[in-house]
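# Coordinate inspection notes
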Amino acid sequence: MNRFRPIFVLLMLGAAFAALLSGCGKKDTIIIGTQTFSEPKILAQMHKLLIESRTDLKVDVLPDLASSTVVFQAMKNKDIQMAVLYTGMIFDNYFPVQPTKDRASVLRQAREGFDKYFGIHWFDPYGFENTYAFTVRDELARQNHFEKISDVGPKAADMTLGVDTTWLERQSDGYPAFRKHYGITFGKTLPMEVALVYKAVASNNVDIVLAYSTDSRIKEYNLKSLQDDKQFFPPYDAAPVVRNDILSKHPELNEIINMLAGKIDVKTMIELNYEVDVNKRNERKVAEEYLRKVGLLQ
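Residues numbered from 1 in each chain as written. Predicted model: local features only at pLDDT ≥ 70, side-chain atom pairs only at ≥ 80, totals over all residues. Heavy atoms only, no water.

Mapped onto the elements of the fold, aspartate 28 is located in the loop between α1 (5-25) and β1 (29-33). Along the backbone, aspartate 28 and lysine 101 are 73 residues apart, and their C-alpha atoms lie at a distance of 39 Å. Setting aside chain neighbours within four positions, we find aspartate 28 in contact with Leu57, Lys58, Lys249 and His250. In terms of polar contacts, aspartate 28 uses its side chain to reach the side chain of lysine 249, at 3.5 Å. (Helix = DSSP H or I, 4+ residues; strand = E, 2+ residues; numbered from the N terminus. Contact = heavy atoms within 4.5 Å. Polar contact = N/O pair within 3.5 Å; in protein donor to acceptor, adjacent residues only side chain to side chain.)

With respect to the secondary-structure elements, threonine 34 resides in the loop between β1 and α2 (38-54). Among all residues touching threonine 34, those that are not within four sequence positions of it are Pro40, Lys41, Ala44, Val61, Leu62, Pro63, Asp64, Leu65 and Val71.

As a further point, take the sheet that holds strand β4 (residues 120-122). Within a sheet, each strand pairs with its neighbour through backbone hydrogen bonds, oriented either parallel or antiparallel. If you walk across this open sheet you meet the 5 strands as β2-β1-β3-β10-β4, and the pairing is mixed. Of all strands in the sheet, those with a lone pairing partner are β2 (58-62) and β4, marking the two edges. On average, each strand axis in the sheet is inclined to that of its neighbour by 30 degrees, with strand direction left out of account. The pairing of strand β3 (residues 82-86) with strand β10 (residues 238-243) spans 5 bridges and is antiparallel. Bridge pairing in β10 links leucine 85 to alanine 239. Packed onto the sheet, α2 meets β1, β2, β3 and β10 and runs at close to 170 degrees relative to β2. (Pairing = 2+ DSSP bridges. Axes fitted to C-alpha atoms, helices over the stretch in contact; angles between N-to-C directions.)

Per the stated rule, a full pass over the model turns up 25 aromatic pairs. Where phenylalanine 95 meets tyrosine 117, the ring centres are 5.6 Å apart and the plane angle is 5 degrees; that geometry is what we call stacked. On the criterion of sequence distance, the pair formed by phenylalanine 95 in the loop between β3 and α4 (103-118) and tyrosine 117 in helix α4 is long-range, its members being 22 residues apart. Between tyrosine 126 and phenylalanine 128 the ring centres are 6.2 Å apart and the planes differ by 15 degrees, which places this aromatic pair in the stacked class. Like tyrosine 126, the residue phenylalanine 128 is buried in the burial classification. An aromatic cluster is defined as three or more aromatic residues linked by ring pairs; in this entry it consists of Tyr132, Phe134, Trp167, Tyr175, Phe178, Tyr182, Phe186, Tyr212, Phe232 and Phe233. The cationic tip of lysine 101 hangs over the ring face of phenylalanine 232; the distance from NZ or CZ to the ring centre is 4.6 Å. (Phe/Tyr/Trp six-rings, centres within 6.5 Å; stacked < 30°, edge-to-face > 60°. Buried < 20%, exposed > 50% of the residue type's maximum accessible area, 1.4 Å probe, protein only. Lys NZ or Arg CZ within 6 Å of the ring centre and 35° of its normal.)

Once that is clear, we can look at the pattern of salt bridges. Counted according to the given criterion, the structure contains 18 salt bridges. Put simply, aspartate 60 and lysine 58 hold a salt bridge, and the shortest N to O gap is 2.5 Å. By relative accessible area, which is 30% here, aspartate 60 ends up partly exposed. The partly exposed category is assigned to lysine 58, whose relative accessible area is 35%. The salt bridge partner of arginine 243 is aspartate 245, with a shortest N-O separation of 3.2 Å. (Salt bridge = Lys/Arg side-chain N within 4 Å of Asp/Glu carboxyl O.)

The following block contains the structure:
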């Protein structure tokens, strides 16, 4: 029996070494969850490309989570480790906040609150907001020199507003509050589904609509969004968010994720969304093309 012991030991050591090699070769996986629309899917693919090109980490994208609230819950439950969220979420009663529409203050509260209550790190924003935006045909804007919402005031009585029904009826942050804030009342309001407002204004069925500031249809229908010069709508700056435990385990992610900070403005995000929504291109291809264009990917 003793003559077989050295062979047995060698076999055991070989098996252990193989297991060690297997364990070393196994990549940790980061899961990025996204909402149902193209914007966070494109951004998630950018992060996937940047992380996988600079680390040994594997990144999977989990798309089509029903809403930002669902995305946040998945992060809380550790089902995903990273996502794209919007600063205005702080007003959805996740934790105590100070009412404000100052962008810097909203960002600060998002960072402090999500870190303190949920162990989630809020990175620097990409450089754009996805928020409500009063939008008109570009031709109408040029004819009347419309650049900001206040410019519409003298013409408002002769204009028809197309907007979703819920916003018309909301007292605190809808049309009644807007009229008081800006002193503007439109001659006629036409309730409709949000998805229909873009085509309605492009087709001259209405004169002005309440749209979303990075929607691809702004480019598709040659529309112009007006500056919210009196800051009626709360800020919704888009930013990457990551669980703190993941950043502690992989501190190299901090620098990589910050590579997109301030790199994407509203116009750029509309263009990227347009490529996916209208030109029907793959999110990963659009993301890769942009990263190569700005020199973040070889």
